[in-house]
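Structural overview for review
So the chains spell out like this:
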Amino acid sequence: MTAPHRRHGEPRALTGGVFLVGGGWDAPEVYGPLLRAAGGGSRRIGCLIVDEGDGEEQFARYAGALRAAGECVPVPVLVPVGGRFEPGSLKDGLDGVLVCGGLTPAYQDAFAGCLELLPEVLAEHGIPYAGFSAGAVLAARRAVVGGWLVDGVPVCPPDTAEDLDGVEVRPGLGLVPFAVDVHAAQWGTLARLVAAVSHGWVPYGVAIDENTVLTVTDERGLVGGRGRVHVVRPSGGDGAGAVVRSYAPGEFVPLGQPPLP
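So, a few notes on the structure that sits alongside this text. (Residues numbered from 1 in each chain as written. Predicted model: local features only at pLDDT ≥ 70, side-chain atom pairs only at ≥ 80, totals over all residues. Heavy atoms only, no water.)

1. Thoughts on the packing of aromatic side chains
On inspection of all chains with the given rule, the structure shows five aromatic pairs. Ring geometry for W25 and Y62: centres 4.8 Å apart, planes at 55°, overall tilted. Taken as a pair, W25 in the loop between strand 1 (18–21) and helix 1 (32–37) and Y62 in helix 2 (residues 55–69) lie far apart in primary sequence, 37 residues in all. The exposure class of Y62 is buried, given its relative accessible area of 2%. Where Y62 meets F132, the ring centres are 5.2 Å apart and the plane angle is 85°; that geometry is what we call edge-to-face. Taken together, the residues Y62 in helix 2 and F132 in strand 5 (residues 129–132) connect sequence positions 70 residues apart. Since its relative accessible area comes to 3%, F132 is described here as buried. The residue whose ring lies beneath R220 is F252, and the NZ or CZ to ring-centre distance is 3.8 Å. (Phe/Tyr/Trp six-rings, centres within 6.5 Å; stacked < 30°, edge-to-face > 60°. Helix = DSSP H or I, 4+ residues; strand = E, 2+ residues; numbered from the N terminus. Buried < 20%, exposed > 50% of the residue type's maximum accessible area, 1.4 Å probe, protein only. Lys NZ or Arg CZ within 6 Å of the ring centre and 35° of its normal.)

So this is what it looks like as structure tokens:
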């Protein structure tokens, strides 16, 4: 299913909003934008988790973080590893969705059958989308799901590779037109995104520190939380390269296609 009047490659407009969290557990305020977008009172927030065997424990952790940010009712939506997520489950009284963290390729596998349908369901019902770590990565049209080598050369630490060797880009949900990497300052993944942009595998991207949220609105975003958001764009010219600019909490981030000055 494809939204009308949307050109190929454009993000799907979500009336509820898109919120990208770079990971971390020390800043409950990063969930505040999602809760505000979900409305007042006891907002029901679906926590989508790919269950690697500890899904209930992971849900309890996310539920605690959400409740620390404000009044809400977290609802577990667990998908077993190797299973497929059914978007129809989101129609039952949810006010917001948090796609959680874990092994990013496993999340991409779980959503692979509904990359078009899930955004349509969110848009139709006005449900805001928040992604935490893997969930933030999957919001992209072209998702950098992991890896640590480019042509055999390391571009980030191997323990950030998500069980992949070469840097790998797969189809994502297309909620935003740029690629996303996470745990940027803590895991050293900014360099992986720089490599993906420099090689033309993604058009441009943002790398988000832990305990940091990027609220996406049209062609700009607002940084919240305690870290920074790093925007990576092609440097232009004949040679491969990229330009990085970082933004602090409270700053607006230009997210349109034109290159940075």
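That was the structure; now back to the text.
2. Description of the nonpolar core
The biggest cluster of nonpolar side chains holds 70 residues, and the ones touching the most others in it are L20, L98, F178 and L214. Setting aside chain neighbours within four positions, we find F178 in contact with L20, A140, Y204, G205, V206, L214, V216 and L255. Membership of the second largest hydrophobic core comes to 14 residues, among which are V144, V150, C156 and A196. (Core = buried A, V, L, I, M, F, W, Y, C linked by side-chain atoms within 4.5 Å. Contact = heavy atoms within 4.5 Å.)

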